[in-house]
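# Descriptive structure summary
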Amino acid sequence: PPKEKPKRPALDRRELTRPRLGPRAQSRKAIVEKFGGAASGPAPNIKRTGGTNAIKNMLLEWCRAKTRGYEHVDIVNFSSSWSSGLAFCALVHKFFPDAFDYAALTPENRRENFTLAFATAEKHADCAPLLEVDDMVRMSVPDSKCVYTYLQELYRSLVNKGLVKTKKR
């Protein structure tokens, strides 16, 4: 007698039409089942409206606004705009105007400008010295990621000192 093919088990129609979950959704589902909803929805008070570029642009605009009117400072990016050190000095001077005489500074004295800005930010704002003066002077155009990281730290330090107000969430 001819061999009979084994019958496949009948599939439930719902299994054919149910969308497959990706690995992330599957793990989320497992967490929800295990902890009873702990992972459902986004974390509270987190806005999902912008990405890294939106945050970078906001920080750049904040820097522009705070340094508006300072001589030799025109912030358009996180690299060449900071190469003379005067943008750092202007930003620090905006919050600590009695710390030094901004009018006495010149773009040619890069080493002095960086030294003054970083030392003043560390002393008055408790800003971590994330950038080295020698590194900044060695580069004709500073690395944008380094500048961006330092400015984030300076902003955070000023917020912690109560000198910058943030929106309540």
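Placed above this text is the structure.
Residues numbered from 1 in each chain as written. Predicted model: local features only at pLDDT ≥ 70, side-chain atom pairs only at ≥ 80, totals over all residues. Heavy atoms only, no water.

Secondary structure summary: the protein contains 7 helices and 0 strands in total. Classification of the 169 residues of the protein by burial places 30% in the buried group. A separation threshold of at least 6 residues defines the contact pool for the protein, and within that pool the share at least 24 residues apart is 54%. Summing over all exposed atoms, the protein offers an accessible surface of approximately 12500 Å²; the carbon and sulfur share of this is 52%. (Helix = DSSP H or I, 4+ residues; strand = E, 2+ residues; numbered from the N terminus. Buried < 20%, exposed > 50% of the residue type's maximum accessible area, 1.4 Å probe, protein only. Contact = heavy atoms within 4.5 Å. Areas by Shrake-Rupley, 256 points an atom, 1.4 Å probe, with all protein chains shown as cover.)

Further remarks concern the packing of aromatic side chains. Within the structure shown, the criterion is met by 10 aromatic pairs. With centroids separated by 4.9 Å and ring planes inclined at 90 degrees, the aromatic side chains of tryptophan 62 and tyrosine 155 adopt a geometry described as edge-to-face. With tryptophan 62 in helix α3 (residues 52–67) and tyrosine 155 in helix α7 (residues 144–160), this residue pair connects regions lying 93 residues apart in the sequence. Among the residues examined, tryptophan 62 registers a relative accessible area of 15% and is labelled buried. With centroids separated by 5.7 Å and ring planes inclined at 80 degrees, the aromatic side chains of phenylalanine 88 and tyrosine 150 adopt a geometry described as edge-to-face. Taken together, the positions of phenylalanine 88 in helix α4 (residues 86–95) and tyrosine 150 in helix α7 put the pair 62 residues apart, joining distant regions of the chain. Classification of phenylalanine 88 as buried rests on a relative accessible area of 2%. Each residue in the set Trp82, Phe88, Phe114, Phe118 and Tyr150 is aromatic and connected to the rest through ring pairs, giving one cluster. (Phe/Tyr/Trp six-rings, centres within 6.5 Å; stacked < 30°, edge-to-face > 60°.)

Moving on, we come to unusual backbone geometry. For histidine 72, which is not glycine, the phi torsion reads 70 degrees and is therefore positive. With respect to the helices and strands, histidine 72 occurs in the loop between α3 and α4.

Glancing now at the pattern of salt bridges. By the definition in use, this model includes 4 salt bridges. Note that arginine 111 and aspartate 134 form a salt bridge whose closest N and O atoms lie 2.6 Å from each other. You can see arginine 111 sitting in helix α5 (residues 110–125) and its partner aspartate 134 sitting in helix α6 (residues 133–138), a full 23 residues away along the chain. Of the residues examined, arginine 111 reaches a relative accessible area of 39% and is grouped as partly exposed. Here aspartate 134 falls in the partly exposed class, since its relative accessible area comes to 42%. Linking aspartate 126 and lysine 161 is a salt bridge whose minimum nitrogen-to-oxygen distance equals 3.1 Å. Within this pair, whereas aspartate 126 is found in the loop between α5 and α6, its partner lysine 161 is found in the segment after α7, the two being separated by 35 residues in sequence. By relative accessible area, lysine 161 is classed as partly exposed at 41%. (Salt bridge = Lys/Arg side-chain N within 4 Å of Asp/Glu carboxyl O.)

Helix length check: α7, at 17 residues, gives a terminal C-alpha distance of 24 Å against a target of 24 Å (1.5 Å per residue), a fit within 8%. Taken residue by residue, α7 has Val147, Tyr148, Tyr150, Leu151, Glu153, Leu154, Ser157 and Leu158 as its buried positions. For α7, the side-chain oxygen to backbone nitrogen distance between the N-cap and lysine 145 is 3.2 Å, and the N-cap itself is aspartate 143. Directly after α7, the chain includes glycine 162, whose backbone phi takes a positive value near 80 degrees. (Expected span 1.5 Å × (residues − 1). Polar contact = N/O pair within 3.5 Å; in protein donor to acceptor, adjacent residues only side chain to side chain.)

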